[in-house]
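Now for the letters of each chain:
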Amino acid sequence: MMNEKKEYEDCQSFQEYVDELVRRTMKRIEEEMPDEGGFSDIFELFCNPDDGTSDVVGKYGLHVFKMPADVVADPRKRYVQACAYIPSGEYKATLMAGSGTKAEILALMKEQAYTDKLNYTFGQLLDILEDF
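Owing to the predicted nature of the structure, the values given are computational and were not obtained by experimental measurement.

Student: Mind laying out the sheet that holds strand β2 (residues 59–65), listing which residues take part and the relevant values?
Tutor: Overall, antiparallel pairing links the four strands, which are arranged β1-β2-β3-β4 in an open sheet. Here the strands that pair on one side only, and so sit at the sheet edges, are β1 (42–47) and β4 (92–100). Across the sheet, the axes of successive neighbouring strands diverge by a mean angle of 15°, strand direction being ignored. As judged from the seven bridges shared by β2 and strand β3 (residues 78–85), these two strands associate in the antiparallel manner. Looking at β3, one finds that L62 is bridged to A82.

Right under this line is the structure:
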């Protein structure tokens with residue numbers, strides 16, 4: 001696992017953390033994900049920079065994966081989940097943050113509206129874990 005604090009040291013706002021997370025995830029999708037068929041799941045995470053909520057959420061991230069063929073037979077379909085982990089990492093909350101082909105997911109992630117919505121989604125995940 002990368003040193004998330006060092007890798008995100010230039011980020012000043014939570015939105016900048018989210019933008020950087022999406023940029024890093026897109027790079028890995030481009031390099032590691034084939035257009036169809038299986039691939040190793042892609043996880044990108046950053047440590048929660050907000051001291052006021054770091055006792056509830058330790059890390060936020062994105063998980064890119066392919067469903068098993070017996071669940072979704074389409075060999076080109078991929079999924080993206082937004083994740084928030086409690087500080088111990090023993091429990092997480094997730095919400096779907098996209099699906100489609102490799103090209104469709106990359107096109108979606110290039111839109112500023114996507115990172116804006118992802119910021120909101122991380123807020124929803126924080127709310128879920130606060131209620132936990």
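Right, picking up where we left off after that structure.
Student: Talk me through the packing of helix α2 (residues 14–32) against helix α4 (residues 112–131); I want residue IDs and the actual numbers.
Tutor: Viewed as axis vectors pointing N to C, α2 and α4 meet at an angle of 120°, and their least axial separation amounts to 9 Å. Viewed along their axes, α2 and α4 form a crossing whose handedness is right-handed. Along the contact surface, α2 presents F14, Q15, V18, D19, L21 and V22, while α4 presents Q112, Y114, T115, D116, L118, N119 and F122. Its residues assigned to classes, the contact of α2 with α4 comprises seven nonpolar, four polar and two charged.

Calculation rules
Residues numbered from 1 in each chain as written. Predicted model: local features only at pLDDT ≥ 70, side-chain atom pairs only at ≥ 80, totals over all residues. Heavy atoms only, no water. Pairing = 2+ DSSP bridges. Helix = DSSP H or I, 4+ residues; strand = E, 2+ residues; numbered from the N terminus. Axes fitted to C-alpha atoms, helices over the stretch in contact; angles between N-to-C directions. Left-handed = near helix turned anticlockwise from the far one by under 90°. Contact = heavy atoms within 4.5 Å. Nonpolar A, V, L, I, M, F, W, Y, C, P; charged D, E, K, R; others polar.

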